[in-house]
Amino acid sequence: MSPIEAIKKWDRRKKIRYAWIIAGMLLFLPPVAFLPQFVGEANMCGKLCPRMFYIIGANPSFAKIGENILRAWAGATLVGTILIVTFFFGRLWCGHLCPIGGTQEMVSVLIPEKGKIDYRKIPAPPFRYAYFSVYILGATVGIGSIACKFCNFRVIPFLFGSPFVPTYQAYFMTGVGLAGLAVVVLTGFLAWGGRGYCNYLCPIGAMDAIVNRLGANLPFVKRMRVTHSMCTGCGTCQRVCPMAAAKVTGGKANLDPISCLQCRTCEINCPTEAIAWRKK
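Throughout what follows, the structure given in this document is the object of discussion. (Residues numbered from 1 in each chain as written. Predicted model: local features only at pLDDT ≥ 70, side-chain atom pairs only at ≥ 80, totals over all residues. Heavy atoms only, no water.)

Within the protein, the regular secondary structure consists of 15 helices and four strands. Relative to the globule expectation of 19 Å for 280 residues, the C-alpha radius of gyration of the protein, 19 Å, shows essentially globular dimensions. Among the 280 residues that make up the protein, the fraction classed as buried is 45%. For the protein, contacts bridging at least 24 residues in sequence account for 74% of all contacts bridging at least 6. Summing over all exposed atoms, the protein offers an accessible surface of approximately 13600 Å²; the carbon and sulfur share of this is 71%. On the protein, the mean spot of the 31 positive side-chain charges and the mean spot of the 11 negative ones are 3 Å from each other. (Helix = DSSP H or I, 4+ residues; strand = E, 2+ residues; numbered from the N terminus. Rg over C-alpha atoms; globule rule 2.2 N^0.38 Å. Buried < 20%, exposed > 50% of the residue type's maximum accessible area, 1.4 Å probe, protein only. Contact = heavy atoms within 4.5 Å. Areas by Shrake-Rupley, 256 points an atom, 1.4 Å probe, with all protein chains shown as cover. Lys, Arg positive; Asp, Glu negative; His and termini not counted. Charge placed at Lys NZ, Arg CZ, Asp CG, Glu CD.)

On to the nonpolar core, then. With 59 residues, the main nonpolar core has Tyr54, Trp93, Phe153, Ile204, Leu255 and Ile275 as its most contacted residues. In this structure, Leu255 is in contact with Met224, Arg225, Val226, Ala245, Ala246, Cys266 and Ile275, ignoring residues within four places of it in sequence. (Core = buried A, V, L, I, M, F, W, Y, C linked by side-chain atoms within 4.5 Å.)

All right, on to helix H11 (residues 175-189) then. For H11, spanning 15 residues, the distance from its first C-alpha to its last is 20 Å, which sits close to the expected 21 Å at 1.5 Å a residue. Listing the buried residues of H11 in full gives Gly177, Gly180, Val184, Thr187, Gly188 and Phe189. End-on, the buried residues of H11 take up no more than an arc of 160 degrees, which puts them together on one face. Elements that come into contact with the buried residues of H11 comprise helix H6 (99-109), helix H9 (152-161), helix H10 (166-171) and helix H12 (196-200). (Expected span 1.5 Å × (residues − 1). Arc of directions from axis to C-beta.)

Following the criterion strictly, the structure yields seven salt bridges and no others. Here Arg120 and Asp118 are joined by a salt bridge, their closest N and O atoms 3.0 Å apart. Classification of Arg120 as buried rests on a relative accessible area of 19%. Beyond isolated ion pairs, a larger network of salt bridges with shared partners links Arg13, Arg264 and Glu267. (Salt bridge = Lys/Arg side-chain N within 4 Å of Asp/Glu carboxyl O.)

Here the focus is the pairing of strand E3 (residues 252-255). Burial along E3 is one-sided: Ala253 and Leu255 are buried, and none of Lys252 and Asn254, which face the opposite way, are. Across four bridges, the pairing between strand E2 (residues 246-249) and E3 is antiparallel. Residue pairing for E3: Ala246 is matched across the bridge by Leu255. Between E2 and the antiparallel strand that follows it, E3, lie two residues; Gly250 among them carries a positive phi value of about 65 degrees. (Pairing = 2+ DSSP bridges.)

Here the focus is unusual backbone geometry. Between Pro30 and the following residue, Pro31, the backbone shows a cis peptide bond with an omega angle of 5 degrees. Relative to the assigned elements, Pro31 resides in the loop between helix H1 (3-28) and helix H2 (34-38). Even without being glycine, Ala33 reaches a positive phi, approximately 45 degrees. A positive phi angle is found at Gln262, which is not glycine, with a value near 60 degrees. Topologically, Gln262 is positioned in the loop between E3 and helix H15 (265-269). Residue class for Gln262 comes out buried when judged on its relative accessible area of 2%.

Pasting the structure below:
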């Protein structure tokens, strides 16, 4: 493939993926927020919240869990749909449609590389699941609302809606609002690749990654995979992967399905086309 053909291919795939991200922003974020309005909300911090049903308080029971799911039925349905789609088709939500991760990534693209923080030196899976365990534990002992207040699913919709809603503007004048904004800026906007929050702190991403790993074992599903006979071990994929999912070991590239976002950045940049979206 010539360099010009490679650039055209890269541009096309990038444009398609960003078109999906923009569609997700229109569907979930103010002022359009089509899906939240469809269930009677103004943003994702209500019935459509994909985390609210976790917060069940002390002495959890099946009855409490059921009540929470009914109260936040739209968010529970969204999470269930995401996990089913991921199992059979890969991480299409996290990598292509999530308005939160997508917003952080698109803002990050506009920031010079010298001003970014590279979190990829931190081993993602151990940190991610340690935090996820604390998050779930907090939700079961009655302090889950603390994580809720710093939730990016709250902060980013409020950012988009602040030009139109005075209460959203007031939120960012509070200590909680400023702390939430700091989390978005430091782990999203200023993160290398824009996906620090997604890789280390997002509970939806933590569950989605596990389901992706389980589904990757099925022979009839497509995932990002490496053809080792075509791989030269050049390390390009390792350098460009925003999730630190690509590693060169033993002179060959390998992709960790428990971290891979399926953004296809590695595929786009692979000089030998050893990495592709294909079946096992």
